[in-house]
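Analysis of the macromolecular model
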Amino acid sequence: MKRRDFSKNLTLAGMASFLGAPIVFSNKLPVGYIPLGLQDPDPFKLFDKDKEMVVLNDKPWNIEAKAHLLNDKVTPNKYMFIRNNGKIPQDIDAAKWTLKIDGEAVSNKKTYTLAELKSKFKHHTYQLTLECGGNGRSEFDPPAKGNQWTVGAVSCAEWTGVRLRDVLKDVGITSDAVYIGYHAADTHLSGHPTKEPISRGVPIQKAMQDETILAFQMNGEDIPLVHGHPLRLVCGGWPASASGKWVNRLSVRDRVHDGAKMGGTSYRVPCHPVAPGSKIDDEDMCIIESMPVKSLITYPKSGALLKTGKQLQINGHAWAGELEVSKMEYSIDFGSTWHPCTLQKPVNRLAWQHFKALVELPKKGYYEIWAKATDSNGKSQPMVLPGWNPKGYLNNACHRIAVKAV
Ligand SMILES: Nc1nc2c(c(=O)[nH]1)N[C@H]1C(S)=C(S)[C@@H](COP(=O)(O)O)O[C@H]1N2
Ligand SMILES: [Mo]
């Protein structure tokens with residue numbers, strides 16, 4: 001968001017709330033002048049985020065959580081990571097918002113107003129795990145360019161909307177439909193008027209799932225602007241880049257969608273393992289689909305001190321893309337032996353699952369607690385960094401925390 005655009009859109013009352021005090025001589029404010037106190041907007045205030053969130057980039061805004069901030073079962077807005085590829089759209093008027101459905105595989109294009117979508121189709125609510133494909137990128141070696149996400153580019157909020165399937169059925173799609181691609185209202189960082197920052201999508205089978213929704217609410221309220229207000233495509237379990245924010249057009253394609261960030265090294269990984277640093281031919285790169293099995297210890301916070309001989313309760317979440325997590329274990333001896341955690345079933349498909357365990361630390365000293373999830377196909381998280389890829393996607397190595405028994 002350009003600073004000037006941001007302050008220009010504020011009313012006097014809005015300015016006062018950001019400044020934390022009314023502007024006493026506001027009637028003397030020169031036209032177009034931006035009070036100094038607003039020239040560097042505080043991202044935590046701007047996006048209603050907790051002060052412990054970590055800003056990785058401000059052009060565009062990218063902000064991540066820390067593991068211990070993600071302890072809630074349902075992620076509240078203040079702890080939800082932000083990933084933007086372009087500039088956040090300005091002056092959104094939800095009352096005038098429309099969604100156009102077009103593409104080679106629709107016989108008749110159709111445009112819905114947001115109000116029509118809400119009134120015509122049944123509403124559904126799901127908790128959906130959204131993890132950025134690049135979460136964990138900071139560990140790659142050779143390093144990968146892009147936001148250096150550590151572990152906090154994941155969330156599981158409760159999303160409410162209408163099923164994409166119901167909308168597509170209403171429009172009528174042809175039998176050659178292969179993929180859907182989203183288009184959105186954010187703008188390219190270069191300011192180029194027709195260049196899209198991102199336009200991704202999913203195969204038609206994923207688009208037709210019960211849990212694939214066009215959402216207008218997050219955690220029971222209008223979606224916050226930065227997370228896609230007033231309409232967002234939500235495809236849980238896939239790289240979160242498939243979940244288009246500020247969606248105003250969906251194309252039903254007769255081929256794999258070819259929008260911005262669908263090709264090259266964007267959200268694609270080598271189809272077969274390669275040596276770190278290798279050059280890979282374009283035809284040997286595959287689009288990331290379901291995210292791999294992963295988990296996060298959200299309590300205690302890494303660095304915690306505890307009393308020797310006292311039991312320590314650990315807890316966290318585990319998720320496995322399209323699959324369920326079937327087993328959760330922890331280790332206190334650097335992965336030599338593993339012990340079971342109690343693992344809950346997901347509230348609904350594609351929601352993360354909660355785990356806990358009581359850990360005993362035998363004597364005084366430094367320990368690490370490592371967590372390992374296994375999916376319903378029997379695949380477990382690797383203990384070290386998995387397959388290298390040019391953009392540093394899909395790091396699902398075991399999460400570790402350090403604790404001291406004193
Ligand atoms: N229109 C639009 N949708 C988008 C993006 C974007 O830049 N523009 N970023 C994508 C990426 S890469 C991710 S990881 C998620 C981040 O969602 P969040 O900011 O709500 O956490 O949104 C996805 N949807
Ligand atoms: Mo992402």
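Quantities reported herein were computed from a predicted structural model and do not represent experimental measurements. (Residues numbered from 1 in each chain as written. Chains lettered and ligands numbered in written order. Predicted model: local features only at pLDDT ≥ 70, side-chain atom pairs only at ≥ 80, totals over all residues. Heavy atoms only, no water.)

1. Details of the overall build of the protein chain
We count it as follows: Counting from the N terminus, the helices are the DSSP runs of H or I reaching at least four residues and the strands are the DSSP runs of E reaching at least two. C-alpha atoms define the radius of gyration in this analysis, and the globule rule sets the expected value at 2.2 Å times the number of residues to the power 0.38. Exposure categories follow from relative accessible area, calculated using a 1.4 Å probe and restricted to protein chains: below 20% of the type maximum is buried, above 50% is exposed, and the middle band is partly exposed. In this description, contact between two residues means that some pair of their heavy atoms is separated by no more than 4.5 Å.
Along the backbone of the protein chain there are six helices and 24 strands. By the compact-globule yardstick of 22 Å for 406 residues, the protein chain fits well, its C-alpha radius of gyration being 23 Å. Out of the 406 residues in the protein chain, the part that is buried amounts to 50%. Partitioning the intrachain contacts of the protein chain with sequence separation of at least 6 by distance along the chain shows that 71% fall at a separation of at least 24.

2. Examining empty space enclosed by the protein
Selection criterion: Only protein atoms enter the 1 Å grid used here. Points where a 1.4 Å probe fits but cannot escape make up a cavity, open sets with protein on both sides within 12 Å along at least five of seven lines make up a pocket, and a residue lines them when an atom lies within 4 Å of a point. Grid points are joined across faces, edges and corners, and a volume is the space filled by probe spheres set on the points. In the scheme used here, Gly and all other residues not listed as nonpolar or charged are polar, with Ala, Val, Leu, Ile, Met, Phe, Trp, Tyr, Cys and Pro taken as nonpolar and Asp, Glu, Lys and Arg as charged. Domain segmentation is taken from an automatic or database assignment of domains.
Per the stated rule, a full pass over the model turns up two cavities of 30 Å³ or more. Counted as a void, the largest cavity has a volume near 270 Å³. Around the largest cavity sit 22 residues that line it, and Arg83, Arg232, Ala240, Ser243 and Lys245 are the ones nearest its centre. Those elements that place two or more of their residues in the lining of the largest cavity are strand E3 (82-83) and strand E8 (179-184). Partitioning the lining of the largest cavity into residue classes produces 11 nonpolar, seven polar and four charged. One number sums up the size of the second largest cavity: a volume of about 30 Å³. Together, Glu131, Cys132, Gly133, Asn135, Met291, Pro292, Lys294, Leu394, Asn395 and Asn396 line the second largest cavity. In terms of residue class, the lining of the second largest cavity is made up of four nonpolar, four polar and two charged. Shared between two domains, the lining of the second largest cavity holds at least three residues of each, these being domain 1 (94-287) and domain 2 (294-405).

3. Things to note about the environment of Leu168
With respect to the helices and strands, the residue Leu168 is situated in helix H5 (residues 164-171). Distance from Leu168 to Val252, taken between C-alpha atoms, is 8.7 Å for residues 84 residues apart in sequence. Apart from the residues within four sequence positions on either side, Leu168 is in contact with Ile101, Ile173, Ile180, Ile204, Met208 and Val252.

4. Section: the site of ligand 1
Our working definition: Throughout, near means a residue has at least one heavy atom within 4 Å of the molecule or strand. The definition of a polar contact used here is a pair of N or O atoms within 3.5 Å, where within protein one atom must be able to donate a hydrogen and the other to accept one, and adjacent residues in sequence count solely through side-chain atom pairs. Here the open area of atoms and residues is found with the Shrake-Rupley method and a 1.4 Å probe, where only the protein chains shown may cover a residue. Placement in a cavity or pocket follows one criterion, namely that more than half of the molecule's atoms lie within 2 Å of its grid points.
As a matter of local geometry, ligand 1 sits amid 19 residues, with Phe81, Asp186, His227, Arg232 and Lys245 nearest to it. At 3.0 Å, a backbone N or O of Arg83 approaches an oxygen atom of ligand 1. Note that an oxygen atom of ligand 1 is positioned 2.6 Å from one of the side-chain N or O atoms of Lys245. When ligand 1 sits alone it has 540 Å² of accessible area, and the protein chains cover 99% of it. One can see that ligand 1 is located within the largest cavity. The set of elements that each furnish at least two residues to the shell around ligand 1 consists of E3 and E8. Classifying every residue of the shell around ligand 1 gives nine nonpolar, six polar and four charged.

5. Remarks on the packing of aromatic side chains
Applicable threshold: Each aromatic pair joins two rings of Phe, Tyr and Trp (for Trp, the six-membered one) with centres within 6.5 Å, and gets the label stacked for planes under 30 degrees apart, edge-to-face for over 60, and tilted for any other angle. A ring is considered to have a charge above it if a Lys NZ or an Arg CZ atom is located within 6 Å of its centre and within 35 degrees of its normal.
Per the counting criterion, the structure on display carries six aromatic pairs. An angle of 45 degrees between the planes, with centres 5.8 Å apart, marks the rings of Trp319 and Trp352 as tilted. Of this pair, Trp319 sits in strand E18 (residues 312-319) while Trp352 is found in the loop between strand E21 (342-343) and strand E22 (353-359), placing the two residues 33 residues apart along the sequence. Note on Phe334 and Trp370: the rings are 5.9 Å apart at their centroids and 80 degrees apart in plane angle, and the pair reads as edge-to-face. With Phe334 in the loop between strand E19 (325-331) and strand E20 (339-340) and Trp370 in strand E23 (residues 365-375), the pair connects residues that are 36 residues apart, well separated along the chain. Taking the relative accessible area as the measure of exposure, Phe334 reaches 47% and is therefore partly exposed. Above the face of the Trp338 ring, Lys372 is positioned so that its terminal group lies 4.3 Å from the ring centre. Above the plane of the ring of Trp370 lies Arg400, whose end atom (NZ or CZ) is 4.1 Å from the centre.

6. Comments concerning the sheet that holds E19
The criterion, for reference: Pairing between two strands requires that DSSP report at least two bridges joining them.
With mixed pairing, the five strands of this open sheet are ordered in space as E17-E24-E23-E19-E20. Both edges of this open sheet fall to strand E17 (304-306) and E20, since each of them pairs with a single strand only. Note: E19 against E23, six bridges, orientation antiparallel. Bridged to Lys327 within E23 is Thr374.

7. Thoughts on the domain arrangement of the protein chain
Here is the rule: When two parts are put together, the accessible area they lose, computed with a 1.4 Å probe and summed over both, is reported as buried area. Here, a salt bridge means any Lys or Arg side-chain nitrogen found within 4 Å of an Asp or Glu carboxyl oxygen.
By the assigned domains, the protein chain splits into domain 1 (94-287) and domain 2 (294-405). On the side of domain 2, 23 residues touch domain 1, which itself brings 39 residues to the contact. Buried area between domain 1 and domain 2, both sides added, is near 2,600 Å², and the carbon and sulfur share of it is 59%. At the boundary of domain 1 with domain 2, the tally comes to three salt bridges. The partner of Lys294 in a salt bridge is Glu131, and the shortest N-O contact between them spans 2.8 Å. If you look at where domain 1 meets domain 2, you find 17 residue pairs in polar contact (both at pLDDT 80 or more). At the level of secondary structure, the elements contributing two or more residues to the side of domain 1 that touches domain 2 comprise strand E6 (123-131), strand E7 (154-163) and strand E14 (268-270). Element by element, the count of residues in the side of domain 1 that touches domain 2 is highest for E6, at five residues.

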